[in-house]
Amino acid sequence: MNTTPRVRRTAVALATAAVLPFALTACAESGGDGAPAAKESSAAAGAQDRPSASQAAAGPFGPACATVPADGAGSFEGMAQDPVATAASNNPALSTLVAAVQKAGLVDTLNNAQDITVFAPTDDAFAKIPKADLDKVLADKDMLTNILTYHVVGERLTPQQLGDGSFETLQKGRLTTSGSGESYTVNDTSKVVCGNVRTANATVYIVDTVLMPK
């Protein structure tokens, strides 16, 4: 019996069996069947969707943040739901500022503005002003409006932008900022005591001194 054809068929089969795994491996690595490529794309998309460490850590900072209520309308979560004038009215440390905004007729102006930054003086900041002077300012709507609009910048400012900044205010004057990390100063006189507070339409930096336009 001639076995040559049978031997040849066996050799071919063995060769095919040996080559096939390498071919499949190469195909898989090149994404030929779509599965590995899809997994890589999915992983990449997931990485893009996840916030960076710096984004995740961003939030209110400063010693006075500890006085903000833990829940309710005056909490950080509650303030984020309301426009800035309404949000400030729910913060017990900003009652003098809120009264001043109401006297100046700026509630709707601030609440209807989009993407602004407000440097908000605390009640203690207003208390640094002699009472006679403060009463005079509160009684003069034009002067009061001039001062209050000097505390507003027409864009949302990040803490990083405050590092060495100069910004035009709604009053048309300019204020300067400096600092780093969680320590920032405005106009070299007023310190941010609770910064990066979000409201529905603004970012708020609560400061310890009233800013006076030049």
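Residues numbered from 1 in each chain as written. Predicted model: local features only at pLDDT ≥ 70, side-chain atom pairs only at ≥ 80, totals over all residues. Heavy atoms only, no water.

For the α-helix, the turn length of 3.6 residues means that residues three or four positions removed from each other point alike. Taken as a whole, helix H6 (residues 95-104) has its buried residues at Leu97, Val98, Ala100, Val101 and Ala104. Down the axis, H6 shows its buried residues gathered within 160° of arc, on one side only. Relative to its buried face, H6 has exposed residues pointing more than 90 degrees away, namely Gln102 and Lys103. Looking at the buried residues of H6, the elements they touch are helix H5 (84-89), helix H7 (107-112), strand S1 (116-121), helix H8 (123-127), helix H9 (131-139) and helix H10 (141-149). Where H6 ends, the next residue or the one after it, Gly105, has phi of about 70°, a positive value. (Buried < 20%, exposed > 50% of the residue type's maximum accessible area, 1.4 Å probe, protein only. Helix = DSSP H or I, 4+ residues; strand = E, 2+ residues; numbered from the N terminus. Arc of directions from axis to C-beta. Contact = heavy atoms within 4.5 Å.)

Moving on to the sheet that holds strand S5 (residues 183-186). One open sheet holds the 7 strands; their spatial order is S2-S1-S7-S6-S5-S4-S3, and the pairing between them is mixed. In this open sheet, the two strands that pair with only one neighbour each are strand S2 (152-153) and strand S3 (164-168). Where S1 and S2 come together, 2 bridges link them in antiparallel fashion. Residue pairing in the sheet places Thr117 in a bridge with Val153 of S2. (Pairing = 2+ DSSP bridges.)

This next bit is on unusual backbone geometry. The phi angle at Asp115 is positive, at roughly 55°, despite the residue not being glycine. Note on placement: Asp115 falls in the loop between H7 and S1. By relative accessible area, Asp115 is classed as partly exposed at 43%.

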